Structures are given as structure tokens and as C-alpha cells.
Amino acid sequence: MKKIGLFYGSDTGCTDDVTKDLTEAWGADQIDVHEVCDVSKDDFEQYDILLLGLSTWYDGDLQSDWEDFFDEFQEIDFTDKVIAIYGLGDQVGYTEYFVDGIGILAEVILKNGGQIIGHWPVAEYNFRESKAVIPDNEDMFYGLAIDNDNESNLTDTRLEKWIDQVKTELEQTTVYNAVG
Ligand SMILES: Cc1cc2nc3c(=O)[nH]c(=O)nc-3n(C[C@H](O)[C@H](O)[C@H](O)COP(=O)(O)O)c2cc1C
């Protein structure tokens, strides 16, 4: 299997913690972990399988490192790449912008030819609006939503379930099975 590139950004350490758990649960030897504050577009382009992690800040904005990198992110060609996104947010305090960052990244990835896997049901959350909701399938987010501010007790289970789901979906892609 091809090596996976994980890129994440975190302001107060929550996405950092989730990223450590995710990497450990997935199998650290299969993933190269990068903080988005230290990367360039070329770093993304060497992987066919990407995991992207971020939080949402200030009424629907990207986490600050993602915000700084966003112009370059929009120049990445995602053709033939498979991407799964996990995002942290607060469905109570920011109910009109819940995990918007997932949706902001997803829009660019789809526009630039990427395939997003790891869609996640909205049903067990309580929020008013989110850019992470898929416009033509409003029962689903583009990626995993984690709310450590209000539901940290659910994070481990959500993460485990999502990892299993993403691995299963990956096995069905040609990228995953390609040699090299
Ligand atoms: C000032 C502030 C603004 C925030 N804005 C949003 C927001 O617009 N949408 C959202 O879902 N969560 C929002 N959050 C919640 C954070 O995304 C959440 O606390 C997250 O776990 C932080 O992760 P990090 O430490 O990895 O950056 C905000 C939190 C703070 C303190």
C-alpha cells in the first residue's frame, strides 16, 4: 500500500491530540505526519492518499496555519488523489459555523479534481448551519466532525469508527491498490 500523507493544523492543541490518537490507531508506520505550518504545495503532491485535519475558528474561519497556507492549497492539483478530512469544532458555541473548515477544504479539493472519502452522518449532532454539510446530500458531512468542547466522551468512538470506514473505502479505490 502507498504511504499516506497526513497534514494538520491546531491552535490550542485539540486537533494535535486527535491527530496523535488517529495516527496511533491507524498504524504510525503507514502515515507521514506534517504540520501545515511547515509545508509547501510540493509536500502534498508526493502523496496519492491524504488525511487532512483542522479546526474552525472565528465564525467559520480556517485554523490559522491553514488560513496562512490557503492560497497555496488552492493551487494543488488533486487529480487521482483520495482525501479524507477530519475537523474539530463547537456545535453549541458556534452553531452557525460548525466545522466549517471541513467544507472550505472540501470545496477546493473537489474543484481541483480530488476524490473525498470518509463522509460522516450529521444525525447525531445539533447545529444550525455548516459548510461541511454536502449540498446535494444534506444527511452527511464531507468528513468526520469532532466536538471536543461538548462531546469529548464521544471522540474516541467516533475516531475508531471513522478510521475503519476510511480504511474500508480506501481498499475500494484504485489508488490504494496501485503498486509503487
Ligand atoms: C474564539 C473561538 C472561535 C471558534 N470558532 C469556531 C467556529 O466558527 N466553528 C466551530 O465549529 N468551532 C469554533 N471554535 C471551536 C474550536 O474549533 C474548537 O475548540 C477546537 O477543538 C479547537 O481545536 P484546536 O485547538 O486544534 O485549534 C472556536 C473556538 C474559539 C475559542
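Cut-offs and rules
- Residues numbered from 1 in each chain as written.
- Predicted model: local features only at pLDDT ≥ 70, side-chain atom pairs only at ≥ 80, totals over all residues.
- Helix = DSSP H or I, 4+ residues; strand = E, 2+ residues; numbered from the N terminus.
- Buried ≥ 20, exposed ≤ 12 C-beta atoms within 10 Å, placed from the backbone.
- Near = placed C-beta within 6 Å.
- Nonpolar A, V, L, I, M, F, W, Y, C, P; charged D, E, K, R; others polar.

**A few points about unusual backbone geometry**
(1) Moving on: Backbone geometry places Tyr58, a non-glycine residue, at a positive phi of 45°.
(2) Moving on: As for its placement among the helices and strands, Tyr58 is situated in the loop between strand S3 (49-57) and strand S4 (61-62).
(3) Moving on: The exposure class of Tyr58 is exposed, given the 11 C-beta atoms found within 10 Å.
(4) Moving on: In this structure, Asp59 is a non-glycine residue whose phi angle is positive, near 55°.
(5) Moving on: By secondary structure assignment, the location of Asp59 is in the loop between S3 and S4.
(6) Moving on: Judged by the 9 C-beta atoms lying within 10 Å of it, Asp59 is exposed.

**Quick look at the site of the ligand**
(1) Moving on: Close contacts around the ligand come from 23 residues, with Ser10, Thr12, Thr15, Ser55 and Gly89 the closest.
(2) Moving on: Of all the secondary-structure elements, those providing two or more residues to the shell around the ligand are helix H1 (14-26) and S3.
(3) Moving on: Among the elements that line the shell around the ligand, the one with the most residues is S3, at 3 residues.
(4) Moving on: Broken down by class, the residue content of the shell around the ligand amounts to 8 nonpolar, 10 polar and 5 charged.

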